[in-house]
Every structure is written in C-alpha cells, then in structure tokens.
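# Close look at the chain arrangement
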Amino acid sequence: MKPLSLILFGLLFAAKVNAQSDRSNSPPGTTSSVTEQTIPGFAIIDLGYVGADYERWPIAVSNKLHVLFRNDDMVPAKVWHPSGEITLEADVPGNWVLATDINNDGIVVGGVENELYDPFFSTSETYAAYWPAGSATPVLFDSKALPDAETHSSRISLVNDDGYFLGRRITPDGRYWLHEGNISSGWGNKFEPVDVITCYIKYPESPNPDTLYEWDEVYNGREYYPAAMNNSGEWVGALRHYIPAYIISAYEDSPTRVEYIDGVTADFEGVYARSFYYSAENGNSVTYEPIDINDSGQVLANTEDYSLSLKDSSENHVLGTGSGGIALSDPGTDVPLRILTETDYMEQKRDPATGALLTLNSANTATYSLGAIIERSSPRLTGTPDPQWADFFPTAMSDNGVFIVGMATNQATGQDHAVVLMQVELEIIAPEPAYEGGSVVFVGNNFDTLVPQIIDDENSVTLSLRMDSELKQSILNSLSFEVWMAEESDPDVLEKGSISTVDFLASNGEEPIRYLAPDEVRDDKCEDLDILKERRFKVVAKWGGQEIVASNLITVSSRFRYIWEYSDPENQRASRAIAHVGYKYQLSGTIPSYDETRPEYGITWPLTGTINVGPLALQGGENVLASTWIHENVHASETVAYRTSMSWGREAYDSAIANGTPLSGLSSWDKGNIEIWALGELDAYYAEVDNFSHTCLSSSEQNVVASAISDFQYILSQVQ
C-alpha cells in the first residue's frame, strides 16, 4: 500500500497519482535551433582503384561529369562518364596519347606522339589532336601546316566550350610558339607577344649585380605554359626558362613593367605581363603562380608565401595561407563563387537581399575542410563503423563547382581510389520539421478534425534532391531510394513505410520524393504497438547501385507525441493534444483545459465543474491523458453540493494527517465529508478501471490506479 502522503499530496479530487519515480516532471520537449547544415552535402562516387601505376588518377572534370584520367607512355588516357568509360586511342598502334584538357561537352584535346618525348633532344614528332565527345579515335592537326616556321612537334594545351583552343609548337631549335585555333577549323594565329619577347635576366654571379643581361638563346630555354582559359578566350599562364630565371604570367591587355625580387625593374617588351616569379631551380619558390581563370575574369593564384590569391577586376584578395589553389568556379546568378584548395572547399557568400556576391574577404567566404566533407558525405547511419572514405586529396573541380575529383582512401581495403565528390543533398522540405538532437522529428499528422491536410500526406515526409548540375536529368533513370532503419530501431519491423518516386521521375526530378510512414489509425492505442514507437531512419538515394546521398536522420513519432512536443504553434500544443485524444478515444463530457502550473495530473473545481490537466497528464502520454479525462469527468458529473462535501472532506483529512489525529477520533461531520470524498475518488478510479481496455493504460499505470483504490478503501474503512 502506498503512503497516504504520497497519494494525496497536492490533490484536489485526486486525479492521478505520480507513483512512478522514473516519470519525468520536466517541461515538454522543445525544438532545438537547428538550421541548415553547416557542411555542404556531397555524394561520393567511387571510380575504382587508382592502381599501382596511378593509371586512374583524375586530372580534369567537366560540368557534365566527364572525368579525364592522367596518361603517359605507360598509362593510357581514359575518360569516365556515367554512361560509360572509353580509352583514348592514338592514330596508329604504338603511338602515345597525350591528353591535356577536356571541355564541358566532353571534347578532349592534347596530342599524339610517336615515341617517348624529350623536349630538347628527341627527333620524334608530336601531332596536336582532339577526341570528339564519346569517341576514342583522334582527329589530328598536321604540325607542319603551322605558319611561319618549320615545326618539330605540337600539341593542344587548353580548350573552352566554344572549341577555341591554345596550342604550342616547338621548332627544331627548341623554341616554343603559342598559337590559337578552333577544333572545327584547325590552327589559327600565332601569338606575337611570345614571338617578339625580349627577356632579361640578371645573373647572380655577375660582376655588376645591377646590370641586366638579355637572355642567352644558347640554352634554347623559352617555353610558354598556358594554365587555364575561360569561355571568353581569356587565359593565364607562365613563360618559363630552363636555367635560374624569371617567369612571367600573361593575362592583361597591355605590356607592363615588372619588378625583380631585389627591386630592379626591366621592360618585357610586348608581353602581356601581370606578374612574375623567380625560379631558383626550374620552377620552385614562386612568387606568383596563376592556377585558374573563370568566365568572370577572376584569377586564382598561389603567391610566394603560399597564400591563396584571387584577383578580380578591381583588386587582388589574399584568402589565406597553407594550402595551394587548385580550381575556381564560374559563379551563377544564384550560386556562390567556389574555390578549391588542397585541403579546403570555399564558398563566397551572397547578399541575402540582392543576391550579389559580397565583398571578397575571409569573413564573407565560408571555408569547409575537405576531410569534414568526406566524413559527412558517407550516407551511413549513426553508430556504424568509421566512414568509408578518408584522406581525400583533390586534383580538379568542374567549372560549376558541383564536381570535385581526386583520390581518397577506402578504409575497408586500405586502397587509394579515384573518387568524385558530387554536390547533392536530399533535403526535407515538408512538413516543417522539428529537431531533436540533430534528428528531424515528424508525423505532424493530425486527424482531419484538428488540422485539415491533404489525404495520404498527413503521415509523410517529402524530400527534394537538390543538385545544381546539368547532370541531374541524366541520372534520374538510374536513381533508386531505400529506407534504412537506424540501429536504435527494431530491424524486424515489418512495415517500415514506402517511398513514392513516380512523381519525381515523371517530372524530371522537379516533384519531391515522398516517404509515407505506416498510417496510425484510431484503434492504435496501446503503447507497445510498433506504430506508436519511435522509429529512426534515413532515406538513401542510390545511383547505379552506389549509395550517393542520404537525408538527415528522421524520427517517426506518434501523432500525440508530435503534437504535444513538436508541433506549431507552440502555445497551442496542449489544447491540440487534448483535442486529439478526445477525438481518438471518443471521449465526451467536459473537455479539460491545460494549466502548466498544476502539480496534479488533473483537477475538477468544486463550484464550476471545470477540469484542468497539468504537465504530468500530457507527459504520461495519450493513454494517461485519456484515463485522466475519464477520471475527472466522473467528478464533473457530480452535483455542486457533492463536490463541495468532497472538498471539505479533503481538507479535514489533510488537517488530521498534519496534526497526527486518528481518523476515528474526528467529529461525525468531518468523518461524513471524508467518507464522501473517498467514495467520490473511488467512483472515479473505478471508471478508469472499467475503461482500461479502451484507454489501453499500461500495466504500470494500472498498478498506480490499483494502489490508489486500495488507499481510498483503507481511508473509507477508518471513517465508517
């Protein structure tokens, strides 16, 4: 038998008694301030084992996910695309393919050489070539057809989306000439600035250190390396010499004066010079190295102290140190400028009001660790072993910034694989989610008498595959979706729910994907039912059998719990939860109202017959609230006189307990009122017992009721 002080503390017409020590008295769960994810969502696409000779080392990637793999005399060049992979062929067997660049249509440029190539001493010929998109067969340009001079060999270095290219030819005396052209028409004009350049070098061992000497042509040491080109035909590169010398980067429209490291200046006649760097040993210790140029004319470069530099039309911005630049994106009207380094992925923020890119500085540039992106990108559930991939090293990024290629270590095998990071997210777009510990909680599904909702959508989550890429349409037919239950959920649950992708596929990915949870119906009342248990899962998208992206962890809640703990507006949670229980359990009589200050489960006021329920009744769940409602409606149906006598009886009992007075020693008036009080409470508790099968009250809660009945029977025996 429970102590009477525990049973009756704070009671007025003792609604339900808090007899479970593990029942929470804390306020209902509140939503956490979870906003959009801080790390951009990328999928990891496995392109296979890199190989002992690194034959699957990616060097370029297009906006349509053509991946160009490295090549040399031992390794054939390959192009991978979701539609298949091809190996680029030479014109005749035995010749070597040299692939240097790929545009966004999948056209590869480079050259074909007939033996191992030595830029100074070989007599081999190299023919500039390109490979049409999807073709393994090259189209060759005759190097001897180049104007103005006999040509030893040639190749194409860069190509843009218009087919405009930059190519190089080498004369037998070792001089490099830069030419433009188009893959549709062949070689074009020679770049005069490179032809007429007068280069100067100050030899460190010179007797007069302030004297500049014209470049000694004996070394045959002039070579121009174009590094990147945009779709307007603007390009950046470096003029390199093969003994300790200065190197010039070409970009701007007019000749300029440049300054040597020690402050001595010299004219570089006719050169589009914007900066220079010093090479102590053929290319090391640079002061400025151009990496990429985008369609906006912005130039990404590395500077002498390995700082990352971004030059736009107005000024040069230093973005940080410690990681070399790799690629720069073309910012669209609604996407950020994206920058890739050896260790980080950076996005320049936009003005939320105007959409304009903010002034470029560290405060306006969000920087994300590639290691963190790799770890987040694994769609595996919480509690599984370490992420599948680690130690990602990037090598290139697409112009739109959606695809990053590189190498990562497969932690299951320890092997290095070529991988693509594809920017894609499976976003929850409806219902407006609540959050609990990082997990989205849903089933804001209310019976239509409470909140009208679209049929079949009341117990669903809708998700959108967000992918800013030309590739999205082409991957739809290879997409599939699955439900992965979290470890905390019962893996043997037969009905996990279904995913509707028909609308998504039929609308070319514009309609959202819908996850439909098993429907909770009016008869689902017992708390041990799977339908009322929390189920945690992710929706996972697969592409060609690979797990590419997953939603946030989702928690399916019972309707009552969602309404009471997560629904909006927050100030209506209690009234909506009470209305839900009244409808589901078909309860009648006086409808309770919520009073968060009440320490009891419920209370019926003597004079008015109104009912209040407190936090304990709602925290106990829908079954406890339903049973409390039935209990208090017994009191509400009694007369005012009877309820008043019960109130006097309660007061007399409390006074006797406080003073240590035996109940048998009280006056007949007090005994009579205590008897009425005890009989009234027993009637209310018996009503709960009669409805156990209807409210499906748990066994532990039934024991609480039984204990209260026993206590009131004892009180009654003492006053009769």
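Residues numbered from 1 in each chain as written. Predicted model: local features only at pLDDT ≥ 70, side-chain atom pairs only at ≥ 80, totals over all residues. Heavy atoms only, no water.

## Some details on the overall build of the protein chain
- A tally of helices and strands in the protein chain yields 13 helices and 45 strands.
- Burial status across the protein chain gives 53% buried among its 720 residues.
- Residue pairs in contact within the protein chain that sit at least 24 positions apart in sequence constitute 54% of those at least 6 positions apart.
- If you sum the accessible surface of the protein chain, you get close to 31,100 Å²; carbon and sulfur atoms cover 49% of it. (Helix = DSSP H or I, 4+ residues; strand = E, 2+ residues; numbered from the N terminus. Buried < 20%, exposed > 50% of the residue type's maximum accessible area, 1.4 Å probe, protein only. Contact = heavy atoms within 4.5 Å. Areas by Shrake-Rupley, 256 points an atom, 1.4 Å probe, with all protein chains shown as cover.)

## Side note on the sheet that holds strand β36 (residues 460–466)
- One open sheet holds the four strands; their spatial order is β33-β36-β39-β38, and the pairing between them is antiparallel. What marks the edges here is a single partner per strand, and that holds for β33 (425–430) and β38 (498–500). Ignoring which end each strand starts from, the neighbouring axes of this sheet average 30 degrees apart.
- Where β38 and strand β39 (residues 513–516) come together, three bridges link them in antiparallel fashion. What sits directly across from Ser498, in β39, is Leu516. (Pairing = 2+ DSSP bridges. Axes fitted to C-alpha atoms, helices over the stretch in contact; angles between N-to-C directions.)

## Observations concerning the state of the cysteines
- All chains considered together, the criterion is met by one disulfide.
- Paired through a disulfide, Cys526 and Cys696 show a sulfur-sulfur distance of 1.7 Å. With the S-S bond torsion at 110 degrees, the cross-link from Cys526 to Cys696 turns out right-handed. Of this pair, Cys526 sits in the loop between β39 and β40 (535–543) while Cys696 sits in the loop between α12 (692–695) and α13 (699–719), and the two are 170 residues apart along the sequence.
- Judged by its relative accessible area of 26%, Cys526 falls in the partly exposed class.
- The buried category is assigned to Cys696, whose relative accessible area is 15%. (Disulfide = S-S within 2.5 Å.)

## Describing the packing of helix α10 (residues 640–659) against helix α11 (residues 668–690)
- Two elements in contact, α10 and α11, have axes whose closest approach is 7 Å; the angle formed by their N-to-C orientations is 110 degrees. The pairing of α10 with α11 is recorded here as roughly perpendicular in orientation. Like other packed secondary-structure pairs, α10 and α11 cross with a definite hand, here left-handed. In contact with Tyr642, Ser645, Met646, Trp648, Gly649, Arg650, Ala652 and Tyr653 of α10, α11 contributes Trp669, Asp670, Asn673, Ile674, Ile676, Trp677, Leu679, Gly680 and Glu681.
- Here the contact of α10 with α11 is built from residues that sort into 10 nonpolar, four polar and three charged. (Parallel < 35°, antiparallel > 145°, perpendicular 65-115°, else oblique. Left-handed = near helix turned anticlockwise from the far one by under 90°. Nonpolar A, V, L, I, M, F, W, Y, C, P; charged D, E, K, R; others polar.)

## Points about the sheet that holds strand β7 (residues 108–113)
- One open sheet accounts for four strands, arranged β6-β7-β8-β9; its pairing is antiparallel. Where the open sheet ends on each side, the last strands, each with one partner, are β6 (96–102) and β9 (139–141). Across the sheet, the axes of successive neighbouring strands diverge by a mean angle of 30 degrees, strand direction being ignored.
- Across six bridges, the pairing between β7 and strand β8 (residues 126–131) is antiparallel. Looking across to β8, one finds that Val108 is bridged to Trp131.

## Quick word on the nonpolar core
- Judged by nonpolar contacts, the single largest core of 42 residues is most densely connected at Val581, Leu618, Leu625, Leu663, Ile674 and Ile715.
- Ala396, Val424, Leu465 and Leu479 belong to the second largest nonpolar core, which has 40 residues in total. (Core = buried A, V, L, I, M, F, W, Y, C linked by side-chain atoms within 4.5 Å.)

## Remarks on unusual backbone geometry
- Positioned with a positive phi, Leu65 is a non-glycine residue whose angle comes to about 65 degrees.
- For Leu65, the location among the structural elements is in the loop between β2 (58–61) and β3 (67–69).
- Given the relative accessible area of 0%, Leu65 is considered buried.
- Even without glycine at this site, Asp391 takes up a positive phi of about 55 degrees.
- Within the secondary structure, Asp391 is located in strand β30 (residues 389–397).
- Note on Asp391: relative accessible area 60%, which makes it exposed.

## Focus on the side chain of Asn623
- Within the fold, Asn623 resides in helix α9 (residues 622–636).
- For Asn623, the side chain forms a polar contact with the main-chain oxygen of Lys525, separated by 2.7 Å. (Polar contact = N/O pair within 3.5 Å; in protein donor to acceptor, adjacent residues only side chain to side chain.)

## What to know about the pattern of salt bridges
- Under the definition given, this model contains 12 salt bridges.
- The partner of Arg561 in a salt bridge is Glu534, with the nearest N and O atoms 2.0 Å apart. Residue Arg561 is found in helix α6 (residues 559–565), and its partner Glu534 is found in the loop between β39 and β40; the two are separated by 27 residues along the sequence.
- For Glu534, a relative accessible area of 33% puts it in the partly exposed group.
- The closest approach of N and O atoms between Glu622 and Lys584, which form a salt bridge, is 2.8 Å. With a gap of 38 residues between them, Glu622 in helix α9 and Lys584 in helix α7 (residues 573–584) connect regions that are remote in the sequence. Taken individually, Glu622 and Lys584 each receive the classification buried, so the pair is uniform in this respect.
- The network of salt bridges with shared partners includes Glu425, Glu427 and Arg466. (Salt bridge = Lys/Arg side-chain N within 4 Å of Asp/Glu carboxyl O.)

## Brief notes about α11
- The first and last C-alpha atoms of α11 sit 32 Å apart over 23 residues, in line with the 33 Å expected at 1.5 Å per residue.
- Among the residues making up α11, those that are buried are Asn673, Ile674, Trp677, Ala678, Gly680, Glu681, Leu682, Ala684, Tyr685, Ala687 and Glu688. (Expected span 1.5 Å × (residues − 1).)

## Considerations on the side chain of Arg338
- Note that Arg338 resides in strand β27 (residues 338–341).
- Overall, the relative accessible area of 4% leaves Arg338 in the buried class.
- Within polar-contact distance, the side chain of Arg338 engages the backbone oxygen of Asn400 at 2.7 Å.
- Within the structure, the side chain of Arg338 is placed 2.9 Å from the side chain of Gln423, a separation counted as a polar contact.

## Notes on the pairing of β8
- For β8, a buried count of five out of six residues is recorded, marking the element as mostly surrounded by other parts of the structure.
- As judged from the three bridges shared by β8 and β9, these two strands associate in the antiparallel manner. Bridge pairing in β9 places Tyr130 opposite Val139.

## Concerning the packing of aromatic side chains
- Throughout the structure, instances matching the rule amount to 15 aromatic pairs.
- Measuring from centroid to centroid gives 5.5 Å for Phe165 and Trp187, while their planes differ by 85 degrees, and the two rings are edge-to-face. With Phe165 in strand β11 (residues 164–170) and Trp187 in strand β13 (residues 186–190), this residue pair connects regions lying 22 residues apart in the sequence. Of the two residues, Phe165 and Trp187, both sit in the buried class.
- Three or more aromatic residues joined by ring pairs form one cluster here, namely Tyr130, Phe141, Phe165 and Trp187. (Phe/Tyr/Trp six-rings, centres within 6.5 Å; stacked < 30°, edge-to-face > 60°.)

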